Amino acid sequence: MPHESVVLGAPATVRTDRTQARARAARNRTLLVHGTRVLLLVGLLALWEGLARAAVIDPFNFSMPSKIWDQITQWALNGTPQGSLWEQIWYTLYEALLGWIIGVIGGVVLGIALGRIRFLADVLGPYIKVLNALPRIVLAPIFLIWFGLGPASKVASAVVLVFFPVFFNAFQGAREVDRNLVANSRILGASNRQVTLQVVIPSATSWIFTSLHVSFGFALIGAIVGEYIGATKGLGLLVSASQGTFNAAGVYAAMAILAVVALLAEGLLAFLERRLFRWKPADTSADR
């Protein structure tokens, strides 16, 4: 009997060992990926610094990482000509967030509506395609004329950049819902509203989240471009002011700060996606 219990317990032990081995392999691969990323960044910055100090590239035009860091430190400790650095970051982030929220809500609502109502899609489809074909960045000066130098013009620029990628993903997600699932819901007595809220929207959520990863970057671009053209505060104004004084380090410093903000936002979205989609199978591409 003891021998028999050992034999029966062996498969469970093997499965546990395999699970632990896969977990170790995943951790090791994560460490390798992050370590390689850091080394690549350090190598590129060191190369940039060395080429600038050796005058292989013009340090006046291209600046160098050490001067960029000094500029960020100076802004953080002493403030910018427009005020506190944190105030500039918050101002741009506020405009981008507000534009992103409005653009996402509008894109999701209209995308789901057109995906569910074919007549509405047939009527509005050509107009949306024409608007999508417009170079939306050039709308920023128009918004500046309409809404002035305040945050409203930057929010409007962010909205038009965010709306279309979210709209098209929500529209496609609503169209790609399993028809058998919809038919079964109707057989069980679900109304159109219940089908939309309980079947279509949950099914389209993956599509919508895919667009959210890129749309916040678009929101930041909209806010920065609007501030660059005309503003009283914000990172875009820092870029414009630094360019006006031929301060290359200031231009790159503002861009570096913007990149950090974008990476933090992307990390937050990825965290929320993992929390909301815990039911999705893990990516197994590392095991191949």
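Here's what I pulled together on the structure shown here. (Residues numbered from 1 in each chain as written. Predicted model: local features only at pLDDT ≥ 70, side-chain atom pairs only at ≥ 80, totals over all residues. Heavy atoms only, no water.)

1. Concerning the pattern of salt bridges
Here the structure, examined in full by the defined rule, presents two salt bridges. One salt bridge connects Glu-49 with Arg-53, and the closest N-O pair in it is separated by 2.6 Å. Highlighted residues: Glu-49 and Arg-53, both in helix H1 (residues 2–53), separated by four residues, approximately one helical turn. We classify Arg-53 as exposed; its relative accessible area is 60%. For the salt bridge of Lys-233 with Glu-87, the shortest nitrogen-to-oxygen distance reads 2.5 Å. Separated by 146 residues along the polypeptide, Lys-233 in the loop between helix H9 (192–229) and helix H10 (235–244) and Glu-87 in helix H4 (residues 85–116) bring together distant segments of the chain. What makes Glu-87 partly exposed here is its relative accessible area of 32%. (Salt bridge = Lys/Arg side-chain N within 4 Å of Asp/Glu carboxyl O. Helix = DSSP H or I, 4+ residues; strand = E, 2+ residues; numbered from the N terminus. Buried < 20%, exposed > 50% of the residue type's maximum accessible area, 1.4 Å probe, protein only.)

2. A short note on helix H5 (residues 118–133)
Between its first and last C-alpha atoms H5 spans 22 Å; for 16 residues at 1.5 Å apiece the expected length is 22 Å, and the two agree. If you look at H5, its biggest bend is around 45 degrees, right at Leu-124, and the proline Pro-126 turns up within four residues after that. In this structure, the buried residues of H5 make contact with H4 and helix H7 (151–175). (Expected span 1.5 Å × (residues − 1). Bend = angle between axes of the 7 residues up to and from the residue. Contact = heavy atoms within 4.5 Å.)

3. Digging into unusual backbone geometry
Phi is positive for Ala-55, which is not a glycine, with a value near 65 degrees. Looking at the element boundaries, Ala-55 is found in the loop between H1 and helix H2 (59–62). With phi around 55 degrees, Ser-63 is a residue other than glycine that occupies positive phi space.

4. What to know about the packing of H5 against H7
H7 packs onto H5 with a crossing angle of 150 degrees between their chain directions and a minimal axis gap of 12 Å. Here H5 is positioned roughly antiparallel relative to H7, judged by the angle of their axes. Crossing of H5 over H7 shows left-handed handedness. Facing H5, whose interface residues are Arg-118, Ala-121, Ile-128, Leu-131 and Asn-132, H7 presents Phe-164, Phe-167, Phe-168, Phe-171 and Arg-175. Tallied by class, residues from the contact of H5 with H7 come to seven nonpolar, one polar and two charged. (Axes fitted to C-alpha atoms, helices over the stretch in contact; angles between N-to-C directions. Parallel < 35°, antiparallel > 145°, perpendicular 65-115°, else oblique. Left-handed = near helix turned anticlockwise from the far one by under 90°. Nonpolar A, V, L, I, M, F, W, Y, C, P; charged D, E, K, R; others polar.)

5. Comments concerning a nonpolar patch on the surface
A contiguous nonpolar surface patch, about 440 Å² in accessible area, is contributed by Trp-90, Tyr-94, Leu-97, Leu-98 and Ile-102. Note on placement: Tyr-94 falls in helix H4. Owing to a relative accessible area of 35%, Tyr-94 belongs among the partly exposed residues under this scheme. (Patch = residues over 30% accessible without salt bridge, like charges linked within 9 Å, V, L, I, M, F, W, Y side chains within 5 Å. Areas by Shrake-Rupley, 256 points an atom, 1.4 Å probe, with all protein chains shown as cover.)

6. Quick look at the side chain of Thr-92
Tracing the backbone shows Thr-92 in helix H4. On the basis of relative accessible area, Thr-92 is assigned to the buried category, the value being 1%. Of note is the side chain of Thr-92, whose polar atom sits 2.8 Å from the backbone nitrogen of Leu-235. Those residues in contact with Thr-92 that lie beyond four places of it in its chain are Leu-220, Ala-223, Ile-224, Glu-227, Gly-234, Leu-235 and Gly-236. (Polar contact = N/O pair within 3.5 Å; in protein donor to acceptor, adjacent residues only side chain to side chain.)

7. Concerning H4
Over its 32 residues, H4 runs 46 Å from end to end, which matches the ideal 46 Å to within 8%, given 1.5 Å per residue. The distance from a side-chain oxygen at the start of H4 to the backbone nitrogen of Trp-86 is 3.2 Å, and the residue carrying that oxygen is Ser-84.

8. Considering the nonpolar core
If you look at the biggest cluster of nonpolar residues, it comprises 37 residues, and the most contacted ones within it are Trp-75, Trp-100, Leu-212, Leu-235 and Ile-257. Contributions of two or more residues to this core are made by helix H3 (65–78), H4, H7, H9, H10 and helix H11 (248–276). For this core, the element with the most residues is H9, which contributes ten residues. Apart from the residues within four sequence positions on either side, Trp-75 is in contact with Thr-80, Leu-85, Leu-238, Ser-242, Gly-250, Ala-253, Ala-254 and Ile-257. One finds Leu-114, Ala-121, Ile-128 and Phe-167 within the second-largest nonpolar core, a separate group that totals seven residues. (Core = buried A, V, L, I, M, F, W, Y, C linked by side-chain atoms within 4.5 Å.)

9. Considering the packing of H4 against H7
Packed helices, taken two at a time, are described by their axes: the angle between them and the distance between them. One way to put it is that H4 packs onto H7 with a least axis distance of 6 Å and a crossing angle of 30 degrees. Two packed elements cross with a definite hand, and for H4 against H7 that hand is right-handed.

10. What about the packing of aromatic side chains?
Throughout the structure, instances matching the rule amount to eleven aromatic pairs. Measuring from centroid to centroid gives 6.1 Å for Trp-90 and Tyr-94, while their planes differ by 40 degrees, and the two rings are tilted. Of this pair, Trp-90 and Tyr-94 both sit in helix H4, separated by four residues, roughly a single helical turn. Look at Phe-163 and Phe-167: their rings are 5.6 Å apart centre to centre, the planes differ by 15 degrees, and that puts the pair in the stacked class. Note that Phe-163 and Phe-167 are positioned in helix H7 at a spacing of four residues, about one turn of the helix. Grouping residues by exposure puts Phe-163 and Phe-167 together as buried. Counting every residue linked through ring pairs, the aromatic cluster contains Phe-163, Phe-164, Phe-167, Phe-168 and Phe-171. (Phe/Tyr/Trp six-rings, centres within 6.5 Å; stacked < 30°, edge-to-face > 60°.)

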